[in-house]
Amino acid sequence: MALSLWTRLPILVFIAMAAMQPGSVAADEDPLQDFCVMGQQLHVNGFSCKDPAQVQASDFASSVLQNPGNTSNALGVAVTPANVLTFRGLNTQGISAARIDFAPNGLKAPHFHPRAAEILFLAQGTLLVGFVTSTPDNKLFAQTINAGELFIFPRGLVHFQLNVGDCKALAFSAFNSQNQGTSHVADALFASNPPINDAVLEKALQLSAEDVQRLRSLISKT
Ligand SMILES: *[C@@H]1O[C@H](CO)[C@@H](O)[C@H](O)[C@H]1NC(C)=O
C-alpha cells in the first residue's frame, strides 16, 4: 500500500534533517567541481582555486612522503605531512596523508586531530597504538600492531603511537580532511602562547607552582 505524500512528508523531512546534522558529515564538504588545485592564499573554507587552464598533471602528484623524516629529536619521531599546505591538488578533496618515521623507542605523543579520523598503515616495525574515548568513560583502546596492519583512530580523540620494536618503524596515515589539524595535549597545556594562567594548571592537574614551571620547561624542549 503506497503511503500518501502527507504521510510520507514528515518522514522525508526527518531524513533530510538527519542528513544535515553536523555529526553525520564524515569528511570535509563535498567538492562542487572536479578539482580545485590550491591557488592564492585567499581563504574561504579551504583555499581558492588555481585557474583550471593552468592546472597540470603535476598538480596531482607529490613526492613529499618520499624521504624519511629526521628522528633525531627528544621524542624520536618525525611526521611528514602531505596535506593541502604541502600538496595543493588536495584542495577541496577531503583527504590527506602523512608519513611517520620512528626511531627505536620513538613516540608520537598524545595528540588529536580536530577535523579528521586517521587510518594508519604500518609499513615497517611494531607499534603500540591507542586512543581514549571522550569523557566520562575515558576508555583506553590500545593494541600492538605489526608491519602490514592497519589501525583507525576516530576523529577528535586523543591518541598515541609508540615504537616497541627493536628497530625503526615506518607508518603512513590517511585522513578524511585536506587539513586535519593536530593538537598535542602536552603542548596545549604547557607550551601555549601566551602561557595558560598558573592557577588554571595548578588546580586542573593538582600540581604545585614548581611542578607547573618544571613541566613548562620540560615540554618546551620536546
Ligand atoms: C637531524 O636533526 C639533528 C638535530 O636537529 C641535526 O643535528 C642533524 O643534522 C639532522 N640530520 C639531517 C640528516 O638533517
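Residues numbered from 1 in each chain as written. Predicted model: local features only at pLDDT ≥ 70, side-chain atom pairs only at ≥ 80, totals over all residues. Heavy atoms only, no water.

A. Representation of the overall build of the chain. Within the chain, the secondary structure is distributed over four helices and 12 strands. Counting over 222 residues, the chain shows a buried share of 31%. Relative to all contacts within the chain whose residues are 6 or more apart in sequence, the contacts with residues 24 or more apart total 67%. As displayed, the chain offers around 13,600 Å² of accessible surface, 60% of which is attributable to carbon and sulfur atoms. (Helix = DSSP H or I, 4+ residues; strand = E, 2+ residues; numbered from the N terminus. Buried < 20%, exposed > 50% of the residue type's maximum accessible area, 1.4 Å probe, protein only. Contact = heavy atoms within 4.5 Å. Areas by Shrake-Rupley, 256 points an atom, 1.4 Å probe, with all protein chains shown as cover.)

B. Examining a nonpolar patch on the surface more closely. On the surface, Ile119, Phe121, Leu150 and Ile152 cluster together to form a nonpolar patch covering roughly 360 Å² of accessible area. Only β6 (118–124) and β9 (150–153) provide two or more residues apiece to the nonpolar patch. Along the chain, Phe121 falls in strand β6. (Patch = residues over 30% accessible without salt bridge, like charges linked within 9 Å, V, L, I, M, F, W, Y side chains within 5 Å. Salt bridge = Lys/Arg side-chain N within 4 Å of Asp/Glu carboxyl O.)

C. Local environment of the nonpolar core. In this structure, Phe102, Leu120, Leu127, Ile145 and Ala171 are the most contacted members of the largest nonpolar core, which totals 14 residues. When residues in this core are grouped by element, the largest group, three residues, is from strand β7 (residues 126–132). The contact partners of Ala171, leaving out residues within four places of it in the chain, are Ala98, Arg99, Ile100, Phe102, Leu120, Phe121, Leu122, Ala123 and Leu127. (Core = buried A, V, L, I, M, F, W, Y, C linked by side-chain atoms within 4.5 Å.)

D. Molecular detail of unusual backbone geometry. Thr135 connects to Pro136 through a cis peptide bond whose omega is 15°. Summarising the element assignment, Pro136 is placed in the loop between β7 and β8 (140–146). Along the chain, Asn193 connects to Pro194 via a cis peptide bond; the corresponding omega equals 0°. You can see Pro194 is positioned in the loop between α2 (185–190) and α3 (198–205). Residue Thr92 is not a glycine yet carries a positive backbone phi of 75°.

E. Representation of the sheet that holds strand β5 (residues 107–112). Taken in spatial order, the five strands line up as β8-β7-β10-β5-β12 in an open sheet, and their pairing is antiparallel. Edge positions in the open sheet fall to β8 and β12 (183–184), since each of these has one partner strand only. Pairing of β7 with β8, which is carried by seven bridges, proceeds in the antiparallel orientation. Following the sheet pairing, Val132 is matched in β8 by Leu140. (Pairing = 2+ DSSP bridges.)

F. Here's a closer look at the pairing of strand β11 (residues 169–175). By the criterion of burial, β11 is predominantly enclosed, with five of the seven residues buried. Across seven bridges, strand β4 (residues 96–102) lies against β11 in antiparallel orientation. Counted as the bridge partner of Ala98 is Ser173 from β11. Pairing of β6 with β11, which is carried by six bridges, proceeds in the antiparallel orientation. The partner of Ile119 across the bridge, within β11, is Ala174.

G. View of the packing of α3 against helix α4 (residues 209–220). Running from amino to carboxyl end, α3 crosses α4 at an angle of 105°, the nearest separation of the two axes being 9 Å. Comparing their axes, α4 and α3 come out roughly perpendicular. Touching Asp198, Leu201 and Glu202 of α3 are Ala209, Val212, Gln213 and Arg216, all from α4. (Axes fitted to C-alpha atoms, helices over the stretch in contact; angles between N-to-C directions. Parallel < 35°, antiparallel > 145°, perpendicular 65-115°, else oblique.)

H. Just α3, in detail. Its side-chain oxygen 2.9 Å from the backbone nitrogen of Ala199, Asn197 forms the N-cap of α3. Just beyond α3, the residue with positive phi is Gln206, at close to 55°. (Polar contact = N/O pair within 3.5 Å; in protein donor to acceptor, adjacent residues only side chain to side chain.)

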